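# Fold and geometry: a report
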Amino acid sequence: EPEVTQTPSHQVTQMGQEVILRCVPISNHLYFYWYRQILGQKVEFLVSFYNNEISEKSEIFDDQFSVERPDGSNFTLKIRSTKLEDSAMYFCASSPIAGSTDTQYFGPGTRLTVL
Amino acid sequence: AQSVAQPEDQVNVAEGNPLTVKCTYSVSGNPYLFWYVQYPNRGLQFLLKYITGDNLVKGSYGFEAEFNKSQTSFHLKKPSALVSDSALYFCAARDSGYALNFGKGTSLLVTP
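Quick look at the structure, then. (Residues numbered from 1 in each chain as written. Chains lettered and ligands numbered in written order. Predicted model: local features only at pLDDT ≥ 70, side-chain atom pairs only at ≥ 80, totals over all residues. Heavy atoms only, no water.)

### Considering the overall build of chain B
A count of helices and strands for chain B gives 0 helices and 12 strands. Going residue by residue from the N terminus, the α and β elements of chain B occur as β-β-β-β-β-β-β-β-β-β-β-β. Projecting the C-alpha coordinates of chain B onto the three principal axes gives extents of approximately 40 × 30 × 20 Å. Here chain B holds 112 residues, and the buried ones make up 47% of them. Restricting the contact set of chain B to residue pairs at least 6 apart, pairs at least 24 apart contribute 55%. Looking at chain B as shown, the accessible area adds up to about 5200 Å², and 49% of this sits on carbon and sulfur atoms. Each charge sign in chain B was given a centre, from 9 positive and 8 negative side chains, and these centres are 5 Å apart. (Helix = DSSP H or I, 4+ residues; strand = E, 2+ residues; numbered from the N terminus. Buried < 20%, exposed > 50% of the residue type's maximum accessible area, 1.4 Å probe, protein only. Contact = heavy atoms within 4.5 Å. Areas by Shrake-Rupley, 256 points an atom, 1.4 Å probe, with all protein chains shown as cover. Lys, Arg positive; Asp, Glu negative; His and termini not counted. Charge placed at Lys NZ, Arg CZ, Asp CG, Glu CD.)

Rendered as C-alpha cells:
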C-alpha cells in the first residue's frame, strides 16, 4: 500500500538556523499539506499546496515558513530561522483530489528539536 | 469557526469489552468528520470518515462511528476491544476548506 514518507525522522538544530523538512507524497496525489504537533498539544494545520501554489495557510504559517515542490516527487517545508517554539513533530499529508470530503493520508512525521 | 472537542484525555477498557471514544464538533456548514489513530512513534492513520448518508460509518480494524446531528457528536466505537487498539485517537473536522481541525486526542488503554 502506498505511503507518505518523510525525512529525516529526527532533526536537531540550533536556534536561528534554517531547516528543510522533506516529504514524498503518495504518487498520484495532487494536494499536499503540512501539520505540526507540539508535544502534548493537538495537531495543527499549517498549509495546503496544490498546483505549485499555496491554497490555504494558517496563522502559524508566517514569513518564516515556506513550502516548495522542487521536483515531481518531493514536497518540502522550510523554516528560515528556527525558534525554540518551532520544536514539534511535523507531519506531511497528501490527498488524491481537492475537496473537503477527501481523505488526507499522513506520513510518520519529522521530530524537530530546536536548541 | 469550527472546533472539535474530545472530552476525555484517557479511556480505559478491558480487552473484549466495547469501547467508545467521544467527539463533539462545531462546524458552520456541513460537517465532514474523520477519525485517525496514532501509534507510538508513528504518523496518523486514517480510520474512517463521515461525509453524508448513513449515520453509522464503518472503518478499519473493526471500528465504527455514529454521526448524531442533533447532539453534534461523532463517537468512535468498537464492539470488542483488543490490547493492540491501545493508541492515541484523534477526531477531526473540515467544512469547506482544506484544513483538518483536530481535537486534542484521547489516549485509549486496553488492558488484558
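### Describing the state of the cysteines
Residue and element names in this part refer to chain A. Scanning all chains against the criterion turns up 2 disulfides over all chains. Here C23 pairs with C92 through a disulfide, and the sulfurs are 2.0 Å apart. Disulfide C23-C92: torsion about the S-S bond near -65°, hence left-handed. Residue C23 is found in strand β3 (residues 19-24), and its partner C92 is found in strand β9 (residues 88-95); the two are separated by 69 residues along the sequence. Both residues of the pair, C23 and C92, belong to the buried class. (Disulfide = S-S within 2.5 Å.)

### Structural notes on the packing of aromatic side chains
Residues and elements named next belong to chain B. All chains considered together, the criterion is met by 21 aromatic pairs over all chains. With centroids separated by 6.0 Å and ring planes inclined at 20°, the aromatic side chains of Y25 and F67 adopt a geometry described as stacked. Of this pair, Y25 sits in strand β4 (residues 24-26) while F67 is found in strand β8 (residues 64-68), placing the two residues 42 residues apart along the sequence. For F67, a relative accessible area of 7% corresponds to the buried category. Note on F63 and Y89: the rings are 5.5 Å apart at their centroids and 45° apart in plane angle, and the pair reads as tilted. Residue F63 is found in the loop between β7 (56-58) and β8, and its partner Y89 is found in strand β10 (residues 87-94); the two are separated by 26 residues along the sequence. (Phe/Tyr/Trp six-rings, centres within 6.5 Å; stacked < 30°, edge-to-face > 60°.)

The values are spatial; any link to function lies outside them.
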